Amino acid sequence: MGAQATTSQTVGPFFQIGLARFYVDDLTGRAVTGETIEIEGRVFDGDGQPVPDGVIETWQADAQGKYAHPESSEEQDNIQRNDTQAKEHMQGRRGQGSFWGFGRVPTQADGSFRFKTIKPGRVTAPDGTLQAPHIAVSVFTRGLMRRLVTRIYFPDEPSNAEDFALKLVEAGRRHTLIAKKVRGSRLEWNVMLQGKDETVFFDC
Amino acid sequence: MAKFRGYRRADPGTQPDYLHPPYVSSIKRAPSKPLVYLPHTLSEVTGPSFDSSPIDVKASDLTRQHHGEPLGERIIVSGRVLDEDGRPAAHTLIEVWQANAAGRYRHNVDQHNAPLDPNFEGSGHTLTDEHGNFRFITIRPGAYPWRNHYNAWRPAHIHFSVFGPAFATRLITQMYFPGDALLPFDPIFNCTADEKARNRLISLFDWETTVCEQALGYKFDIILSGRDSTPWEK
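Undergrad: Run through the overall build of chain B, naming residues and quoting values.
TA: The helix and strand tally for chain B stands at two helices and twelve strands. Each helix (α) and strand (β) of chain B, taken in turn from the N terminus, gives the series β-α-β-β-β-β-β-β-β-β-α-β-β-β. Taken over C-alpha atoms, the radius of gyration comes to 19 Å for chain B, in line with the 17 Å a tight globule of 234 residues would show. C-alpha extents for chain B along the principal axes are approximately 60 × 40 × 30 Å. Within chain B, buried positions represent 44% of all 234 residues.

Undergrad: Before we move on, could you go through the pairing of strand β2 (residues 54–59) of chain A and cite the residues and values that matter?
TA: All names here are of chain A. Across the six residues that make up β2, a large majority, six, are buried. Here β2 shows a buried face lined by G54, I56 and T58 and a second buried face lined by V55, E57 and W59. With five bridges connecting them, β2 and strand β3 (residues 102–106) associate as antiparallel partners. By the bridge assignment, E57 is partnered in β3 with R104.

Undergrad: Can you explain the interface of chain A and chain B? Please cite residues and give values.
TA: Between chain A and chain B, the contact holds 65 residues from the first and 70 residues from the second. Looking at the side of chain A that touches chain B, the elements that each hand over two or more residues are α1 (16–19), α2 (70–77), β5 (134–141) and β10 (202–203) of chain A. When residues in the side of chain A that touches chain B are grouped by element, the largest group, five residues, is from β5 of chain A. Counted by class, the side of chain A that touches chain B contains 30 nonpolar, 23 polar and twelve charged residues. Of the strand pairs in this sheet, β10 of chain A and strand β1 (residues 36–37) of chain B are connected by two bridges, and their pairing is parallel. Within β1 of chain B, the position partnered with F202 of chain A by the bridge is V36 of chain B.

Undergrad: Describe the nonpolar core, with residues and values.
TA: Counting residues in hydrophobic clusters, the biggest one holds 97 residues, and the most contacted among them are I152 of chain A together with V162 and L224 of chain B. It is β5 of chain A that provides the largest number of residues to this core, a total of five residues. Sequence-distant contacts of L224 of chain B, defined by excluding residues within four places in its chain, comprise A5 of chain A together with V81, D83, A89, V162, G164, T169 and L171 of chain B.

The rules behind the values
- Residues numbered from 1 in each chain as written.
- Chains lettered and ligands numbered in written order.
- Predicted model: local features only at pLDDT ≥ 70, side-chain atom pairs only at ≥ 80, totals over all residues.
- Helix = DSSP H or I, 4+ residues; strand = E, 2+ residues; numbered from the N terminus.
- Rg over C-alpha atoms; globule rule 2.2 N^0.38 Å.
- Buried ≥ 20, exposed ≤ 12 C-beta atoms within 10 Å, placed from the backbone.
- Pairing = 2+ DSSP bridges.
- Contact = placed C-beta atoms within 7 Å.
- Nonpolar A, V, L, I, M, F, W, Y, C, P; charged D, E, K, R; others polar.
- Core = buried A, V, L, I, M, F, W, Y, C linked by C-beta atoms within 7 Å.

Written out as structure tokens, the structure reads:
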């Protein structure tokens, strides 16, 4: 070990001009299979005021539980590939229009955000169990010197009870990570930066 | 069971705390409960790749995005993106944004009464090369006032957003300039307890990348978390 990781700094209030080019609010597409869902929510500060200058980034597996990343193939298929083979494999998958898995949406004046995606499949945990379907989330706002890391889980999902990460969270706070069904394919998931129902954030 | 390796966590003091009262906006936005330690899983050791995204070569030259040239001091900002073990982050996306030479952002929230520059957007992006190198041409941003406290001024800075190989390595930071008299007074720069870690956010003036009769060069290397040496084994 040599160097130390560069220190984080706030995204500030003007990130729109730098980050808008790669805003992605629809992760679905013709070649993407799986159950389409729409997730909407709002970000609130400790006074219950909406946060109008935040950006939410998401990262998730496809409906089969594979990430568009070389290590996902290694892990899931248990195939030994060297880096070049893994990369060729990935390019092959991307070439077929497969699922990318990255989303980025800014919050609006009322703190709201929404994005359309597919429900991810289950991926392995380091202990060999399968995790419940989830979306990894980074929250960046003015006032946050580092991103906050959290997860979105799904309602009516029996595997939540045995999930590697949810089990690390005290039972009374797990609900902050589980989206609520609105109707049809729509789900609601809010981010409470502070307060009684403060969202669980992970040291990641 | 396959061996599974996560990414290393930051050394104490080298990353800012969420709550830093001198930075007033952190008071109502920093989480009040302790973070829950999450051993990295496949979800954290994978992350998005942008190497098949359309990258406009002009996007790394912020002085050539309009017909005319922006006002201000032209500079070249270059560096490498590496991990803590010195391994390059190849083909990773870097996004930058900044104020113009007068200290004004092209953003409707910015009410500072300095002029906008019709020839300057203040945003760019690029992919690192296979060795983790990147290079931007831009103009030196101006300092600007903000309302954190009476007579508060941000030192000149460029915002950097970097992905690296995994969700766990995602980083947004700010690059500062050597010798800026405002640095000791800036609550954002000073939010990191470790002085050496803080000072690594200050770029280095660099003759090697300075181009004769063209532009001053500044070096800014970005270090992302390294891979754990001890695998998680069942």
